[in-house]
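Chain residues, written in single-letter form:
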Amino acid sequence: MKTVALYNLGCKVNSYEMEVMRQILREKGYGIVAFDERADIYIVNTCTVTNIADRKSRQMLHRARQLNPDAVVVAVGCYVQTGREAVEADPGVDLAIGNNRKKDIAAILEEYLERRREGGPERDKTLEGATVLDIGHTYEYEEMRLKHTAERTRAYIKIQDGCNQFCSYCAIPYARGRVRSRRAEDVLEEVRGLVDAGYREVVLTGIHISSYGIDFGEDGAQAGSTGGPESGQESVLLRGGSGQEEGDAAGAQTGRKAGSTGDPESGQESVLLRGGAGQAPGNQGALREEPRTDDRARERKRQPAYNGRSRLVELVEQIHGIEGLERIRLGSLEPRIVTPEAVRRLAALPKLCPHFHLSLQSGCDATLKRMNRHYTAGEYYKSVELLRECFHRPAITTDVIAGFPGETEAEFADTREFLEKAGFYEMHVFKYSRREGTAAASMPDQVPEPVKARRSAELIALGERQSLEFRRRYIGKEAEALLEETREIGGRTYCIGHTKDYVKVAVDVTERLQEAPAMINTVVKIPVRDFLTDEILM
């Protein structure tokens, strides 16, 4: 039995995909070991959100090579998409797999190992280009199915991939491609399975979940898109074999993805095509991607940019109806999705957690415009007010970039003043990181590092004060928490969980340790007296 060690970098979407890859490999008979152990295969799920993320990805790949010089080292994901030439030139990497191919990890590995046994080209890291797609012209959602996670209470559910926003500082649209939404039926089936497995809470995540469904047709099926306004070409992965069709042109209408076997539980590989027309399915020929022209594709329009309308709320309403599920939490939201109708519908769902992450980035309109954000600070603030009108004390969190190119002291002051007025539960503050290949990287008036550091420190301090104030409101009140873990703090043992608005609360179980295991994954009411730590109430 070959052993595999996996390491994940980056966002919750990456974490979800890593969990599925781990699940697939385990089901295929691989032994999963810790990353710092000696393994036959090392897989690094990379990130490219910043230059630092690229560097960290390279470091982990090289660390894997040091752990076992004879191992197969596999780079997977976003860094592969944006830095393919560098990855292919890196002697520490044996195999490169891009996005929208992660579900095929086991089949790709088997193909690679078979080629190596047969003395194939040592430096063919993409199996003749088959393992890295042209993600900018990929319009099919990569269906994956999670059955369990490392957590016992909360499961992250990927509902969407890709982004059409093209913020001037961000490389993610180049790494993840255009918006591709998951069929509601598949989301619901996955949630039901996780609820049956004992999970009480799900978090809906994606690259830009507010865009969920904008790529669907009127009937709710994924409409797809053409490679250009008139090209009419779609990329489809074909399975070779006598008598097999090259793909299902009506896959979106029938609910079956082009090139798929139709049954996600069948265990059959759905995208790898070995050989070509007339070759047997078992043929060990090249995996490949081939273009196909579909007459109907010529009639399809290019994907729209997000305009404040999507099918996210509709999906949340459907998930809300699943029996046994107690909590639904949303990932990062586009401020423009917070409309009176959307908030009214969401507020009618008792299972929805009043915890909303609205990405801001700057409180200055001039800076927002340079960032290519599609709202003003005033419009954002109206969204915050609307949530507070319809939900009781919602936890609103955000992201802020300090020191964006051209940010003057006056613009920074506008942002600080806006943040003070808005009053967030948590703020994730980042110093602007120059990302090569983005519009912001070549903008004039780059802010010096010491200035970025000072501004970032100011905003972090402001965020800490606001977070403390939000949590302090619980003292003297009763908190309802879903308990998730047992931890020892200051010589005593506590069961710790989160409220619906994501505040950490602890129950002292020192005198009843035998009850602690049964308390995990239960919802309890806790009279809050004080702070146990700076971040945990008790």
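Residues numbered from 1 in each chain as written. Predicted model: local features only at pLDDT ≥ 70, side-chain atom pairs only at ≥ 80, totals over all residues. Heavy atoms only, no water.

**Student:** Got a sec to walk through the sheet that holds strand 4 (residues 72-77)? Specific residues and values, please.
**Tutor:** Taken in spatial order, the 5 strands line up as 2-1-3-4-5 in an open sheet, and their pairing is parallel. The strands lining the two open edges of the sheet, one partner per strand, are strand 2 (31-33) and strand 5 (95-97). Adjacent strand axes in the sheet meet at a mean angle of 25°, parallel and antiparallel pairs treated alike. As defined by bridge partners, strand 1 (residues 3-8) adjoins strand 2 across 3 bridges and the pair is classed as parallel. (Pairing = 2+ DSSP bridges. Helix = DSSP H or I, 4+ residues; strand = E, 2+ residues; numbered from the N terminus. Axes fitted to C-alpha atoms, helices over the stretch in contact; angles between N-to-C directions.)

**Student:** Can you tell me about the confidence of the model for the protein chain, naming the residues and giving the values?
**Tutor:** On average, residues of the protein chain score 86 in pLDDT, and 83% of them reach the 70 mark or higher. Ignoring residues within four places in sequence, the model shows residues 224-301, a span with pLDDT below 50, making 149 contacts including any to other chains. (pLDDT = per-residue confidence, 0-100. Contact = heavy atoms within 4.5 Å.)

**Student:** Explain the sheet that holds strand 14 (residues 426-431) to me, using residue names and the numbers behind them.
**Tutor:** Spatially, 12-13-14 is the arrangement adopted by the 3 strands of the open sheet, whose pairing is parallel. With one partner strand each, in any of the chains shown, strand 12 (355-357) and strand 14 form the two edges of the open sheet. Averaged over all pairs of adjacent strands, the angle between strand axes in this sheet comes to 15°, irrespective of strand direction. Bridge count between strand 13 (residues 395-402) and strand 14: 6 bridges; the pairing is parallel. Counterpart to Val400 in the pairing with strand 14 is Val429. Contacts from helix 12 (residues 377-390) reach strand 12 and strand 13, with the element oriented near 160° to strand 13. The strands touched by helix 14 (residues 449-472) within the sheet are strand 13 and strand 14, with strand 14 carrying the most contacts at an inclination of about 175°.

**Student:** Provide a residue-level description of the nonpolar core, including the pertinent values.
**Tutor:** Residues Ile159, Tyr169, Val191, Leu204, Val316, Ile319 and Leu352 are the most contacted members of the largest nonpolar core, which totals 66 residues. Val191 has contacts with Ile157, Val202, Ile319, Ile322 and Leu325, leaving out every residue within four places of it along the chain. Counting 25 residues, the second-largest nonpolar core is a separate cluster that includes Met21, Tyr30, Leu95 and Leu146. (Core = buried A, V, L, I, M, F, W, Y, C linked by side-chain atoms within 4.5 Å. Buried < 20%, exposed > 50% of the residue type's maximum accessible area, 1.4 Å probe, protein only.)

**Student:** Report on the pattern of salt bridges, specifying residues and quantitative values.
**Tutor:** One pass over the full model with this rule turns up 43 salt bridges. Of the charged contacts in the structure, one is a salt bridge between Arg416 and Glu458, with a shortest N-O distance of 2.9 Å. Residue Arg416 is found in helix 13 (residues 409-422), and its partner Glu458 is found in helix 14; the two are separated by 42 residues along the sequence. The class for Glu458 is partly exposed, based on a relative accessible area of 30%. Linked through salt bridges whose partners overlap, the residues forming this network are Glu143, Arg145, Arg182, Arg183, Asp186, Glu189 and Glu190. (Salt bridge = Lys/Arg side-chain N within 4 Å of Asp/Glu carboxyl O.)

**Student:** Quick one: what's the story with the pairing of strand 13, residue by residue and with numbers?
**Tutor:** Judged by how many residues are buried, strand 13 sits mostly within the fold: 8 of 8 residues are covered. Neither face of strand 13 is open: one carries Ala395, Thr397, Asp399 and Ile401, the other Ile396, Thr398, Val400 and Ala402, and all of them are buried. As paired elements, strand 12 and strand 13 share 3 bridges and run parallel to each other. By the bridge assignment, His355 is partnered in strand 13 with Ala395. The handedness of the strand 13 to strand 14 crossover, carried by helix 13, is right-handed. (Right-handed = clockwise from strand over helix to strand, strands pointing away.)

**Student:** Any chance you could break down the packing of aromatic side chains for me, citing the residues and the numbers?
**Tutor:** Here the structure, examined in full by the defined rule, presents 12 aromatic pairs. Ring geometry for Tyr375 versus Tyr380: centroids 6.1 Å apart, planes at 40°, classification tilted. Like Tyr375, the residue Tyr380 is buried in the burial classification. In this structure an aromatic cluster arises from ring pairing among Tyr375, Tyr380, Tyr381, Phe418 and Phe424. Between Arg393 and the ring centre of Phe470, over which it is positioned, the NZ or CZ distance is 5.3 Å. One cation-aromatic arrangement involves Arg393 over Tyr474; the distance from NZ or CZ to the ring centre is 5.4 Å. (Phe/Tyr/Trp six-rings, centres within 6.5 Å; stacked < 30°, edge-to-face > 60°. Lys NZ or Arg CZ within 6 Å of the ring centre and 35° of its normal.)

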